[in-house]
Amino acid sequence: MQEGPPRPYTNFIPSFIKDSVGKWRTHKIVEPGIVEHVDINGNKIYTVRAGSTPNGRYSTETMRKISALARKYSGGSMRFTGAVNMEFIVKDMKDAIALKTELEDLGFPVGGWDGHLWSLTSCAGYFHCALAATDAPSIIQNIGNALGKYFNKEELRQNSQLLHPDVLARAETASSPTFP
Amino acid sequence: MSNPPEEVVKGRKILDDLKKGDWPNFVKEAQKTRYPVDLYGASLALKRDLFTTGGYVSVPGAPTGILMRVTSRPDIGESANIVRVLIPSGNFVTSEMLDKLCDLADKYGVGMVHAISTGEDIEIPGIPKEKIRDFIAELRQNGYECGSTGDAFRAVTTCVGSALCEYSNLNTEEFRDKFYDMYNDFAKYPTFPHKVKVKVSGCPIDCGRATQKADIGIVGSWKGAPEVDEKLLKNLNNEEIDGIVNSCPTGAIKRNGSSISIKGEDCTQCMICVRKSKGAIMPGKEKQFLIYVGGKLRGKKGPLTGKLFARLNSPEEALDIINRIVEVYIEQAARKERIGDMLLRVGMKSFMDMMKEVPSSMNSKDLRTNVFYAVNEKDREEIPRKVSKAVGGD
């Protein structure tokens with residue numbers, strides 16, 4: 001048996017990007033959640049990014065649905081980014097749009113690129129941690145509820161994983177989070 | 001149970017409140033599983049953490065990868081031990097892997113998957129102590145491995161690298177695969193004074209946080225000026241080119257009419273022009289690879305950024321130097337001292353000197369770490385020369 005994490009990585013990336021690895025040329029953001037990558041031979045692929053639950057925890061029921069979406073659209077492979085978003089790589093724009101609607105039906109917003117809120121992440125907090133002084137996931141949940149529209153609909157002024165002061169001020173007046 | 005405790009009743013109200021809103025909801029997800037949600041609600045009501053570390057468990061073949069948790073209120077909910085599963089390079093996972101992990105989480109855990117943790121591995125929570133052995137056996141039968149806890153190499157994290165990014169100077173996934181080919185024992189068995197985090201970034205934008213959060217960080221880079229593609233530069237309009245020229249922090253970019261020239265020795269590789277140019281400016285052809293040591297966020301002496309340690313011509317040299325860094329670390333560091341803390345204590349200069357010393361069992365303080373290191377006559381000359389060259393010597 002091979003020790004360590006599963007290797008090589010080429011078994012885990014979508015088969016249609018295997019020839020383009022290391023040969024990418026440009027990318028452009030089509031819409032907040034969809035990015036087009038072009039390689040030197042002109043092959044195009046699209047990456048769809050979706051937000052996740054605040055602490056990245058899913059029930060197996062939901063995870064199986066996500067896995068089925070990866071199998072249906074992106075060649076049975078997907079990736080989780082370091083900022084706990086989900087990314088699916090698909091072959092054409094039609095698939096990307098279809099995947100976007102399916103993800104949104106599941107309840108995961110598609111967005112998080114360019115001048116938008118990029119990600120919302122928390123530690124385990126009271127959920128599993130042995131040392132937590134306060135609970136992080138519920139705070140992020142409320143921030144997500146209040147500012148989720150900046151993930152894909154309304155634009156922030158700059159690329160920001162942190163929140164812009166203006167946005168915070170507007171959010172305060174709009175609806176106050178209901179943290180107990 | 002006839003009447004639930006007061007804090008559980010209060011907690012359920014808070015949880016109902018938390019279930020409102022549009023953002024993907026973690027309470028709703030948790031309620032689809034067998035996770036003790038009442039326990040979480042109670043801790044919200046009490047404003048106090050109800051989990052504590054649950055000691056250690058001995059599982060053959062799994063010295064790292066298990067986090068023990070017990071609850072201080074077993075009357076409300078059961079314990080929730082966690083097993084960390086290492087994922088393939090670049091955080092790519094397949095549907096088969098996810099389905100298999102879901103099956104295992106249903107069979108042994110509470111039917112919950114944590115994908116992914118901030119340490120970039122998948123965690124399966126809620127496995128009872130007596131089932132951990134069977135769980136890990138079945139996990140390893142399917143070709144997956146647990147790890148990334150304790151005083152070992154934590155899960156090596158990378159940016160997406162060559163698999164999806166045009167700026168990448170280093171195939172980060174391939175590098176990570178090679179790293180685990182070489183250092184799996186150090187990743188599996190806790191041998192170090194404290195944890196060692198290795199992070200890999202393909203370019204100086206550093207999406208993998210190799211310079212900030214890694215004890216040993218590897219960054220793909222290049223020598224001299226970035227490459228300018230005149231054909232693509234013609235697609236940019238006047239203001240865009242002006243924007244690129246003005247954005248350079250050291251003024252290395254000069255404009256001559258419709259073309260630009262970049263002075264290599266002034267370039268600090270901030271990548272601003274590369275990002276603004278829509279593909280017209282790309283990282284240079286002649287690559288170099290930078291090793292940073294001593295970055296961390298937590299620890300005795302607070303957050304530290306990594307210090308540039310060596311510039312190398314190939315990623316394979318980086319793999320060799322990591323071996324020497326951890327050898328010096330094991331010999332010199334105090335218990336529970338990260339590499340960054342050790343560097344503050346001994347100083348960078350003497351750390352460099354320690355790196356140049358000839359590796360032999362005679363000059364090691366702790367025989368345990370070096371006694372099996374066989375050095376032949378060729379290596380005896382080669383290794384010190386290589387290392388001293390890499391760290392800037394003659």
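In the block above lies the structure referred to throughout.
Residues numbered from 1 in each chain as written. Chains lettered and ligands numbered in written order. Predicted model: local features only at pLDDT ≥ 70, side-chain atom pairs only at ≥ 80, totals over all residues. Heavy atoms only, no water.

A. Molecular detail of the packing of aromatic side chains. Overall, the coordinates contain 17 aromatic pairs over all chains when judged by the stated rule. With centroids separated by 4.5 Å and ring planes inclined at 10°, the aromatic side chains of Phe127(A) and Tyr35(B) adopt a geometry described as stacked. You can see Phe127(A) sitting in the loop between helix H2 (93–106) and helix H3 (136–147) and its partner Tyr35(B) sitting in the loop between helix H2 (26–31) and helix H3 (37–46), one on each of two chains. According to the relative accessible area criterion, Tyr35(B) is buried, its value standing at 5%. The interplanar angle of 55° and the centroid separation of 5.7 Å between the aromatic rings of Phe309(B) and Phe351(B) together place this pair among those described as tilted. Residue Phe309(B) is found in strand S16 (residues 307–312), and its partner Phe351(B) is found in helix H12 (residues 348–356); the two are separated by 42 residues along the sequence. According to the relative accessible area criterion, Phe351(B) is buried, its value standing at 0%. Across from the ring centre of Phe92(B), 5.6 Å away, lies the NZ or CZ of Arg79(A), which sits over that ring. (Phe/Tyr/Trp six-rings, centres within 6.5 Å; stacked < 30°, edge-to-face > 60°. Helix = DSSP H or I, 4+ residues; strand = E, 2+ residues; numbered from the N terminus. Buried < 20%, exposed > 50% of the residue type's maximum accessible area, 1.4 Å probe, protein only. Lys NZ or Arg CZ within 6 Å of the ring centre and 35° of its normal.)

B. Expanded view of the pattern of salt bridges. According to the stated counting rule, one finds 38 salt bridges over all chains in the structure shown. The salt bridge partner of Glu87(A) is Arg49(A), with a shortest N-O separation of 3.2 Å. Here Glu87(A), found in strand S6 (residues 86–90), pairs with Arg49(A), found in strand S3 (residues 44–50); they are 38 residues apart in sequence, far enough to count as distant. Comparing Glu87(A) with Arg49(A), the two get one shared label, buried. As a salt-bridge pair, Glu138(B) and Lys107(B) come within 2.9 Å of each other at their nearest N and O atoms. (Salt bridge = Lys/Arg side-chain N within 4 Å of Asp/Glu carboxyl O.)

C. Expanded view of the pairing of strand S7 (residues 122–125) of chain B. Residue and element names in this part refer to chain B. Side chains of S7 alternate between two faces, with Ile122 and Ile124 and Glu123 and Pro125 buried alike. Where strand S4 (residues 82–85) and S7 come together, four bridges link them in antiparallel fashion. Among the inter-strand pairings, isoleucine 82 is bridged to a residue of S7, identified as proline 125. (Pairing = 2+ DSSP bridges.)

D. Spatial organisation of the interface of chain A and chain B. Facing 74 residues of chain A, the contacting portion of chain B comprises 81 residues. Carbon and sulfur atoms supply 58% of the area buried between chain A and chain B, which totals about 6600 Å² over both sides. Among the residues chain A hides against chain B, the three largest losses belong to Tyr9(A), Tyr126(A) and His128(A). Together they make up 11% of the total. Taken together, the connections running from chain A to chain B amount to eight salt bridges. A salt bridge links Asp103(B) to Arg64(A), with the shortest nitrogen-to-oxygen separation between them at 2.8 Å. In this structure, the connection of chain A to chain B is made through 44 residue pairs in polar contact (both at pLDDT 80 or more). (Contact = heavy atoms within 4.5 Å. Buried area = accessible area lost by both parts, 1.4 Å probe. Polar contact = N/O pair within 3.5 Å; in protein donor to acceptor, adjacent residues only side chain to side chain.)

Such coordinate-based values are descriptive only and should not be taken to indicate function.
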